[in-house]
Amino acid sequence: YNKLKSEDPDKVVDIESQDETIGYEFTTTQIREFRKVFNAFDKDGNNSIGTDELGPVLCALGYSPSDTDIQKVLSRFDSDLSGDLSFEEYLALMAVWVEEDETQIIEAFKVFDKSGDGFVTIGELKKALCRSVIV
């Protein structure tokens, strides 16, 4: 589920979701930043994020979760079925969120890159900006 390789600060940490179809690598610097955020949301200091703490985490990620949404997230990432997210399980959630965020950015980039060459030319950018002003 999680392969944490923290013995070397330059190595990355490979996080895979439970279904093993989403993988993402974090640097140890990213892990430290995620730990700070995790600790900020872990209000009771029990080194886990419960359902009452998970809602604010999802809101910080830009979602407006219902109680059902929170339960779905918990059921997907709570691999030990404790009812809470441990830090490792939280990292798996972050891996999915980062990967989805990058996918959205790439898709948005493709809107501007009309030629499909991996670059946005000044002409392509002008066309896109002019269309958005006119519309």
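So, a few notes on the structure that sits alongside this text. (Residues numbered from 1 in each chain as written. Predicted model: local features only at pLDDT ≥ 70, side-chain atom pairs only at ≥ 80, totals over all residues. Heavy atoms only, no water.)

**With respect to the overall build of the chain**
Secondary structure assignment for the chain yields five helices and three strands. Mapped from its N terminus to its C terminus, the chain presents α and β elements in the order β-β-β-α-α-α-α-α. Residue burial in the chain is summarised as follows: out of 135 residues, 31% are buried. Total accessible area on the chain stands at roughly 8600 Å², and carbon and sulfur atoms take up 57% of it. (Helix = DSSP H or I, 4+ residues; strand = E, 2+ residues; numbered from the N terminus. Buried < 20%, exposed > 50% of the residue type's maximum accessible area, 1.4 Å probe, protein only. Areas by Shrake-Rupley, 256 points an atom, 1.4 Å probe, with all protein chains shown as cover.)

**Some thoughts on the packing of helix α2 (residues 51-60) against helix α3 (residues 67-77)**
To describe two helices that pack against each other, one gives the angle between their axes and the distance between the axes. One way to put it is that α2 packs onto α3 with a least axis distance of 10 Å and a crossing angle of 100°. Judged by the inter-axis angle, α2 sits roughly perpendicular to α3. From α2, T51, L54, G55 and L58 reach across to α3, where they touch I70, Q71, V73 and L74. Partitioned by chemical class, the residues of the contact of α2 with α3 number five nonpolar, three polar and no charged. (Axes fitted to C-alpha atoms, helices over the stretch in contact; angles between N-to-C directions. Parallel < 35°, antiparallel > 145°, perpendicular 65-115°, else oblique. Contact = heavy atoms within 4.5 Å. Nonpolar A, V, L, I, M, F, W, Y, C, P; charged D, E, K, R; others polar.)

**Focus on α2**
Along α2, the residues classified as buried are E53, L54, G55, V57 and L58. Phi turns positive, to about 100°, at G62, one or two residues after α2.

**Here we look at unusual backbone geometry**
Even without being glycine, N47 reaches a positive phi, approximately 65°. For N47, a relative accessible area of 42% translates into the label partly exposed. Positioned with a positive phi, L81 is a non-glycine residue whose angle comes to about 55°. Among the structural elements, L81 can be located in the loop between α3 and α4 (87-112).

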